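# Structure at a glance
Spelled out from the first residue to the last, the chains are:
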Amino acid sequence: MTSTLLLEGLGKQIQPPDGPWLFRDLQATITEPTIISILGKSGQGKSTLLRILGRLTLPSCGIMVLDNKDCSQWTPEAWRMTVSYVAQQPMMLPGSVTENLQAASNLHQRIFDVKQARQWMEQIGLDHLDWEKPAQQLSGGEKQRLALIRTLLLRPAILLLDEVTSSLDAVSKQATEGLLRDLHGRMGTTILWVTHDQEEARTTSQRVWFMANGQLLEDTDSQTFFDSPESDEAKMFLSTHPVVAEAAERVR
Ligand SMILES: Nc1ncnc2c1ncn2[C@@H]1O[C@H](COP(=O)(O)OP(=O)(O)OP(=O)(O)O)[C@@H](O)[C@H]1O
């Protein structure tokens, strides 16, 4: 399921033609399965970038090439089956948990793999859920996990995660991170993961994209980023998050 992704000169301008650029001239290549954390201060455009990659928002400029085919040669549906986005505050469709789980499979004319759904639900602590319950009545954390599994059932090659553990308690968060690492290890799923939790980024990802000053300022392996960031902006960013410093200290 390895997919390659090439981004060239990608940019997003707010209120064109004269508005400010959220980011511009973003270049990056993914050639093998990897987990990338996208980090940066609030408002740098991390979610916007994910939504562009998921073809839910148009970029203002630039090129996206998936598996050697320009984005214009992909239908949005085919693209979204390969590069799938999970929002921080996911939308539950009217209907039960079962209907929500089935929704993505139905939409993309895939067989609903109920056995796999049950196993993943169990793995991330949702085994107690009544599948007949209206999904709108679930808690925020339950909705986040249900939406994740709904998307995983499509088995996308590239998964775009927007702060998908932000509403979870510590145990559910760890279980979800475990599932995602598993998935990456067994199926070669590439994961691009926006998170504000640096400890999560450090322990789950192999690579970091750090966004600052309207650019992808650093694109490096995680250990290098956390141990010896190159830019002053990244140093400042890490120094203002003592959790990471403490965690790194514990590891040493
Ligand atoms: N189409 C748009 N029109 C106007 N403003 C927009 C548009 N898209 C994004 N923005 C603005 O761009 C900024 C960056 O948004 P975005 O959510 O992508 O940043 P972020 O880095 O993910 O932030 P956070 O970490 O707080 O979630 C925000 O101020 C947002 O309101």
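Cut-off values and rules
Residues numbered from 1 in each chain as written. Predicted model: local features only at pLDDT ≥ 70, side-chain atom pairs only at ≥ 80, totals over all residues. Heavy atoms only, no water. Disulfide = S-S within 2.5 Å. Buried < 20%, exposed > 50% of the residue type's maximum accessible area, 1.4 Å probe, protein only. UniProt positions renumbered as here; feature names shortened; annotations may be inferred. Helix = DSSP H or I, 4+ residues; strand = E, 2+ residues; numbered from the N terminus. Arc of directions from axis to C-beta. Salt bridge = Lys/Arg side-chain N within 4 Å of Asp/Glu carboxyl O. Phe/Tyr/Trp six-rings, centres within 6.5 Å; stacked < 30°, edge-to-face > 60°.

A word on the state of the cysteines. Applying the stated criterion across every chain, the model contains zero disulfides. In this structure C61 is not part of a disulfide, and its nearest cysteine sulfur, from C71, lies 13 Å away. We classify C71 as buried; its relative accessible area is 18%.

With that settled, consider the UniProt feature "domain: ABC transporter" (unreviewed entry) in the protein. In the numbering used here, UniProt assigns the feature "domain: ABC transporter" (unreviewed entry) to residues 5–238. For residues 5–238, helix accounts for 37% and strand for 25%, while the C-alpha atoms at its two ends are 28 Å apart.

Turning to helix 1 (residues 46–53), its buried residues are K46, L49, L50, I52 and L53. Along the axis of helix 1, the buried positions cluster into a sector of 160 degrees, meaning they face one direction only. Once helix 1 finishes, R55 follows within two positions and takes phi at roughly 55 degrees, a positive value.

As a further point, take the pattern of salt bridges. This structure, assessed with the given rule, holds five salt bridges. Taking the shortest distance from any N to any O, the salt bridge between E177 and K173 comes out at 3.1 Å. Separated by four residues within a single helix, E177 and K173 lie in helix 6 (residues 170–187), roughly one turn from each other. When sorted by exposure, E177 lands in the same class as K173, which is buried. Across the pair R207 and D219 runs a salt bridge whose closest N-O atoms are separated by 2.9 Å. With R207 in strand 9 (residues 207–212) and D219 in strand 10 (residues 215–221), this pair connects stretches of sequence that are twelve residues apart. Of the residues examined, D219 reaches a relative accessible area of 35% and is grouped as partly exposed. Residues joined in a network through salt bridges with shared partners are K173, E177 and D197.

Quick look at the packing of aromatic side chains now. Applying the stated criterion across every chain yields a total of four aromatic pairs. Ring centres 5.5 Å apart and planes at 40 degrees place the aromatic pair F210 and F225 in the tilted group. Of this pair, F210 sits in strand 9 while F225 sits in helix 8 (residues 222–227), placing them 15 residues apart in sequence. The two residues F210 and F225 agree in class, both being buried. Plain terms: the ring middles of F210 and F237 are 5.2 Å apart, the flat faces sit at 50 degrees to each other, and that makes the pair tilted.

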